[in-house]
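If you want the building blocks of each chain, they are given just below.
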Amino acid sequence: MKIPFFKNTVTNYFSMFVRLVQGIIVTRWLISHLGEAQYGLWVMLWSFFSYALLLDLGFGVAAQKVTATELYKTDIEKYNHTISSIFFSHVSMALLILPLTFVGMYYIRELFHLPVDATAEYIRFCREALLLSGLAATIVFPLGVFPEILVGLQKLYLRNYIIIISKIMELAGVIMIFAMGWGLFKLLVFVMLIMGVTQLAMLVSVWKSIPGFRIRFAFDKEVFKGIFHFSAAVYIISIGRMIWERGMFLLISIFCGLAPVGIFQLGSRVPFLIQQVSLPYVENISPISALLHSRKRTMHLAQILMRSIRWVNFFAAGATVMVMIYAPRIILLLFNVKSDEAAFICRLMVLFVYFLLVCRSIPEKFLTMAEEHKFLAKVQSFESIFFIAISVVGLLIKPHELIVVGAMILTKFIGTVFFVLPHLIKRANIKLRFFILYSLFEPVLLALATGMICYWQYYFLRGKVHEFFLLALAGFSGVIIYFPALYYMMFDHAERFRAKKIIKKFIGILKRA
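Given the structure is predicted, the values throughout are model-derived calculations rather than measurements. (Residues numbered from 1 in each chain as written. Predicted model: local features only at pLDDT ≥ 70, side-chain atom pairs only at ≥ 80, totals over all residues. Heavy atoms only, no water.)

Chemist: Help me understand unusual backbone geometry in this model?
Modeler: Glycine aside, the phi torsion of most residues is negative, and most peptide linkages are trans. You will see that Q154, though not glycine, has its phi angle at about 65°, which is positive. Checked against the element boundaries, Q154 lands in the loop between α8 (145-152) and α9 (156-179). The exposure class assigned to Q154 is buried, which follows from its relative accessible area of 1%. (Helix = DSSP H or I, 4+ residues; strand = E, 2+ residues; numbered from the N terminus. Buried < 20%, exposed > 50% of the residue type's maximum accessible area, 1.4 Å probe, protein only.)

Written out as structure tokens, the structure is:
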């Protein structure tokens, strides 16, 4: 099977760029048109919507893995039965979303930490908004298996084309909604509708990509049992990830209120964007690992892992240093908000996200597809319990969003450094000194050198030039340093040869022009 790695990665980055620009624009408009409290409500509704993924039971990743091993080529009937069983298990679980939504509506005051003097009209509005979010999740949730199949097919580019179109349509719709003077409720209806159409387009792409693919209206118990052990472990891993990604917002909302949720969202937005920037490359690891592991090419998998960590570290370290220096300016420029608290959260979270990207994200994907899912499930279970316990105790003592952030950082640090990384090094038979020097240390040195130059620029120019030009100068300096380093540090001999060829061809085109 020829893997379109370059095409997948490039379209991943283009899709990420579209979502990044769209997200920044929409966030600015949401804050401007809705206000801080309703923006916090918007964040919470999407947090609850994301909690629907807890009902996936790990079968989405199982669908990705069974597709990546190319079962559809060897036994299309067994493949159809497997995917059909996964799909209808999703349908069954989706039916649980509505009663959970009704429970949330009943406890709406506690969930959203609504003030005592909140009007009956506002409470009813929050309940209706939550109900709409629950209905949309019930409908869209079962269709989530089809993007996973496209990933397993190594056709991430098809999924990306669909996402790009949907995000452009969503942006156009948001412009129209705010121009018409409509509020949060109609905005929710439109966004949920776009999401449903996007998932249906994924289904059509899968159907055209796999000859003979059909969804059978039956549930195969034997096939279900065959994939349950893998999916159960993946499910536990997903729950653990969901708890820290969305649980932070829920805990802050319950103990601190909606306004701190908005502040935390602003502070964490840029670090999570850095995470998104790295994911287009990292996402290729899972299907490739599943395919190579099924072919018993374990050593090749380890090589891919080490090189992938080095690549991610190369870019993530530079971005982290930049955000540490320019956090207040970036928040002011992107979101038109000046907040020392949001800037502090931004700096803290960017260090946390960098640690996860380099030391956790890729190793976790590798170990999952290399049949180490049970081990990862145990680690995630420990982390989830530890995180909740520390957060609740800390918030009872002092209700502040930094308590939740600190608990999460401590939990992930212990789980990664003392469990995941040692297991990874042992499983892949990697020398610790080589891992530290090659994958961790060298890219960080380059980032620190770049950071010193950018800090010098920031120190002498802050307050003298506009934020945009200050950040543009920092970005230009980073590019000047990183592009030569990319050639000498990251490219192997064959890649350098291809790079020289492309540069010569580009120079020739310029001369002829």
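Chemist: Help me understand the packing of helix α2 (residues 59-68) against α8, please; the structure alone is not making it clear to me.
Modeler: To characterise two packed helices, one gives the angle between the axes of the helices and the distance between these axes. Interaxial distance between α2 and α8 falls to 7 Å at its minimum, and their mutual angle equals 30°. Considering their axes alone, α2 and α8 lie roughly parallel with respect to each other. Handedness of the α2/α8 crossing: right-handed. Residue-level inspection shows G60, A63, Q64, T67 and A68 of α2 in contact with α8, the latter providing V145, E148, I149, V151 and G152. Of the residues that constitute the contact of α2 with α8, the class distribution is five nonpolar, four polar and one charged. (Axes fitted to C-alpha atoms, helices over the stretch in contact; angles between N-to-C directions. Parallel < 35°, antiparallel > 145°, perpendicular 65-115°, else oblique. Left-handed = near helix turned anticlockwise from the far one by under 90°. Contact = heavy atoms within 4.5 Å. Nonpolar A, V, L, I, M, F, W, Y, C, P; charged D, E, K, R; others polar.)

Chemist: How should I be thinking about the nonpolar core in this particular structure?
Modeler: Side chains of nonpolar character tend, in soluble globular proteins, to be buried together. Core analysis: the largest hydrophobic core is formed by 126 residues, its most contacted members being W42, F112, M248 and Y326. Ranked by residues supplied to this core, first place goes to helix α14 (residues 298-335) with 20 residues. Excluding its chain neighbours within four sequence positions, the residues that come into contact with F112 are L41, M44, L45, F48, C126, S253 and L258. Membership of the second largest hydrophobic core comes to 23 residues, among which are Y72, L150, L153 and I162. (Core = buried A, V, L, I, M, F, W, Y, C linked by side-chain atoms within 4.5 Å.)

Chemist: What am I meant to see in helix α17 (residues 401-428) here?
Modeler: Owing to its 3.6 residues per turn, the α-helix aligns residues three or four sequence positions apart on the same side. The first and last C-alpha atoms of α17 sit 38 Å apart over 28 residues, in line with the 40 Å expected at 1.5 Å per residue. Once α17 finishes, N429 follows within two positions and takes phi at roughly 55°, a positive value. (Expected span 1.5 Å × (residues − 1).)

Chemist: Got a minute to help me understand the side chain of K412 in this structure?
Modeler: Along the chain, K412 turns up in helix α17. Reaching out from K412, the side chain makes a polar contact with the side chain of E383 at a distance of 2.9 Å. Setting aside residues no more than four positions away along its own chain, K412 makes contact with W244, F352, F355, L356, R360, Q380 and E383. (Polar contact = N/O pair within 3.5 Å; in protein donor to acceptor, adjacent residues only side chain to side chain.)

Chemist: Would you mind going over the packing of α8 against helix α10 (residues 184-209) with me for this structure?
Modeler: Where α8 meets α10, the axes come as close as 8 Å, and the angle between the chain directions of the two elements is 40°. Here α8 lies oblique to α10, going by the angle between them. As α8 packs across α10, the resulting crossing turns out to be left-handed. Contacts between α8 and α10 pair F146, P147, I149 and L150 from the former with Q199, M202, L203, S205 and V206 from the latter. Partitioning the contact of α8 with α10 into residue classes produces seven nonpolar, two polar and no charged.

Chemist: What should I look at first to understand the packing of aromatic side chains in this one?
Modeler: Within a pair of aromatic rings, the relevant descriptors are the distance that separates the centres and the angle that separates the planes. Tallied over the entire structure, the rule returns 14 aromatic pairs. Measuring from ring centre to ring centre gives 4.9 Å for F314 and F315, while their planes differ by 85°; the resulting arrangement is edge-to-face. Residue placement shows K65 over the ring face of F230; its charged tip is 4.3 Å from the ring centre. Over the ring of Y438 we find R310, and its NZ or CZ is 4.3 Å from the ring centre. (Phe/Tyr/Trp six-rings, centres within 6.5 Å; stacked < 30°, edge-to-face > 60°. Lys NZ or Arg CZ within 6 Å of the ring centre and 35° of its normal.)

Chemist: Help me understand a nonpolar patch on the surface in this model?
Modeler: On the surface, L432, I436, L437, F441, L445 and L448 cluster together into a nonpolar patch covering about 550 Å² of accessible area. Mapped onto the elements, I436 comes out in helix α18 (residues 432-461). (Patch = residues over 30% accessible without salt bridge, like charges linked within 9 Å, V, L, I, M, F, W, Y side chains within 5 Å. Areas by Shrake-Rupley, 256 points an atom, 1.4 Å probe, with all protein chains shown as cover. Salt bridge = Lys/Arg side-chain N within 4 Å of Asp/Glu carboxyl O.)

Chemist: Explain the pattern of salt bridges to me, please; I cannot follow it from the model alone.
Modeler: Pairs can form between side chains of opposite charge whenever their charged atoms are close. Inspection of every chain in the model, using the stated rule, returns six salt bridges. For R310, the salt bridge goes to E442, with nearest N and O atoms at 2.8 Å. Pair noted here: R310 is in helix α14 and E442 is in helix α18, with a separation of 132 residues, a long-range link. Residue classification places E442 among the partly exposed positions, given a relative accessible area of 34%. Here E372 makes a salt bridge to R427, at a shortest N to O gap of 3.1 Å. Here the residue E372 occupies a position in the loop between α15 (340-369) and α16 (373-397), and R427 occupies one in helix α17, the gap between them amounting to 55 residues. A residue is classified by how much of its surface remains accessible, and E372, at 18% relative accessible area, is buried. We classify R427 as partly exposed; its relative accessible area is 25%.

Chemist: Can you help me understand the environment of S84 in this one?
Modeler: For S84, the position within the fold is in helix α4 (residues 76-94). Here S84 falls in the buried class, since its relative accessible area comes to 0%.

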